[in-house]
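The chain contents come next:
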Amino acid sequence: VWLDYRRRTRDEHRGCSALHYAVMASQVAMVDLLIRHGADVNMRDAHETPPLHKAVGENCELRIVGLLLDAGADMMAVDADGNNVLHKVRHLGAAQ
């Protein structure tokens with residue numbers, strides 16, 4: 001099976017890249033592998049959400065956040081709602 005990890009899918013998962021999937025599944029080793037092989041850490045899904053935004057979601061895996069940041073993920077990138085990752089972290093903290 002050929003998987004082009006540099007491109008978004010065109011399926012029911014809203015244009016997510018392989019990196020998005022690995023982040024959402026909290027697969028640290030896969031995130032690391034994809035990054036080492038050139039996955040774009042700032043690629044956005046169909047909702048303009050970069051992988052870092054997904055990494056700080058409800059199932060936050062700090063090792064993944066670190067891998068993304070070390071690879072150059074843009075902390076100030078905004079999603080379709082105009083929120084950057086810091087807004088998301090604040091929102092999640094307020095909800096707890």
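Up top is the structure these notes are about.
Note that the coordinates shown come from a computational prediction; the quantities given were computed from them, not determined experimentally.

Describing the overall build of the protein chain
Then, in step 1: If you tally the helices and strands in the protein chain, you get five helices and zero strands.
Then, in step 2: Sequence-ordered secondary structure for the protein chain, helices as α and strands as β, is α-α-α-α-α.
Then, in step 3: Per-residue burial for the protein chain yields a buried fraction of 36% across its 96 residues.
Then, in step 4: Pairs at least 24 apart in sequence give 59% of the contacts found in the protein chain among residues at least 6 apart.
Then, in step 5: Here the protein chain has roughly 6000 Å² of accessible surface; of this, 52% comes from carbon and sulfur atoms.

Structural notes on the environment of Leu-19
Then, in step 1: Its location among the elements puts Leu-19 in helix H1 (residues 18-24).
Then, in step 2: Separated by 21 residues in sequence, Leu-19 and Asp-40 have C-alpha atoms that sit 8.0 Å apart.
Then, in step 3: What Leu-19 contacts, discounting residues up to four positions off in sequence, is Val-31, Leu-34, Ile-35, Ala-39, Asp-40, Val-41, Pro-51 and Leu-68.

Topic: the packing of helix H2 (residues 28-36) against helix H4 (residues 62-70)
Then, in step 1: Between H2 and H4, the shortest axis-to-axis distance is 9 Å and the interhelical angle comes to 5 degrees. One element, H2, and the other, H4, form an angle in the roughly parallel class. Contact residues: H2 offers Val-28, Val-31, Asp-32 and Ile-35, while H4 offers Arg-63, Ile-64, Leu-67 and Leu-68.
Then, in step 2: Across the contact of H2 with H4, the residue classes break down as six nonpolar, no polar and two charged.

Re H4
Then, in step 1: Along H4, the residues classified as buried are Ile-64, Val-65 and Leu-68. Taken around the axis of H4, the buried residues stretch over an arc of 100 degrees, which confines them to a single face. Across from the buried face of H4, at angles greater than 90 degrees, the exposed residues are Leu-62, Arg-63 and Asp-70.
Then, in step 2: Gly-72 occupies a position one or two residues after H4 and carries a positive phi of about 100 degrees.

Description of the nonpolar core
The tendency in soluble globular proteins is for nonpolar side chains to be buried side by side.
Then, in step 1: In terms of nonpolar packing, the biggest core is built from 18 residues, with Leu-19, Val-23, Val-31, Ile-64 and Leu-68 touching the most fellow members.
Then, in step 2: Breaking this core down by element, the ones donating at least two residues are H1, H2, helix H3 (51-55) and H4.
Then, in step 3: Apart from residues lying up to four places away in sequence, Val-23 is in contact with Val-31, Pro-51, Lys-54, Ala-55, Ile-64 and Leu-68.

Here's the deal with the pattern of salt bridges
Then, in step 1: Following the criterion strictly, the structure yields four salt bridges and no others.
Then, in step 2: Arg-36 is the partner of Asp-32 in a salt bridge, and the nearest nitrogen-oxygen pair spans 3.1 Å. Here Arg-36 and Asp-32 lie together in helix H2, a separation of four residues that amounts to about one turn.
Then, in step 3: One salt bridge connects Arg-63 with Glu-61, and the closest N-O pair in it is separated by 3.0 Å.
Then, in step 4: Using a relative accessible area of 54% as the deciding quantity, one classes Arg-63 as exposed.

What counts as what
The residue numbers shown here count from 1 along each chain, following its written sequence. Where totals are concerned, whole chains, interfaces and linings use all residues; where local detail is concerned, this predicted model gives features only for residues with pLDDT of at least 70, and gives and counts side-chain atom pairs only at 80 or more. Side-chain numbers here rest on the full set of heavy atoms in the structure, without hydrogens or water. Each helix is a run of DSSP H or I of at least 4 residues and each strand a run of E of at least 2, with the numbering of both proceeding from the N terminus. Partly exposed residues are those whose accessible area sits between 20% and 50% of the maximum for their type, while under 20% is buried and over 50% is exposed, using a 1.4 Å probe and protein chains only. Residues are treated as being in contact if the distance between any of their heavy atoms lies within 4.5 Å. Shrake-Rupley sampling with a 1.4 Å probe provides the accessible areas, and residues are treated as covered by the protein chains on show and by no other component. Comment: axis = line fitted to C-alpha atoms, over the contacting stretch for helices; angle = value between 0 and 180 degrees taken between N-to-C directions. By definition in this entry, angles of less than 35 degrees are roughly parallel, angles greater than 145 are roughly antiparallel, angles of 65 to 115 are roughly perpendicular, and the rest are oblique. Residues are grouped as follows: Ala, Val, Leu, Ile, Met, Phe, Trp, Tyr, Cys and Pro are nonpolar; Asp, Glu, Lys and Arg are charged; every other residue, Gly included, is polar. What the arc describes is the spread of directions from the helix axis to the C-beta atoms. Among the buried residues, those of types Ala, Val, Leu, Ile, Met, Phe, Trp, Tyr and Cys that are joined through side-chain atoms within 4.5 Å form a nonpolar core. Salt bridges are counted wherever a side-chain nitrogen of Lys or Arg sits within 4 Å of a carboxyl oxygen of Asp or Glu.

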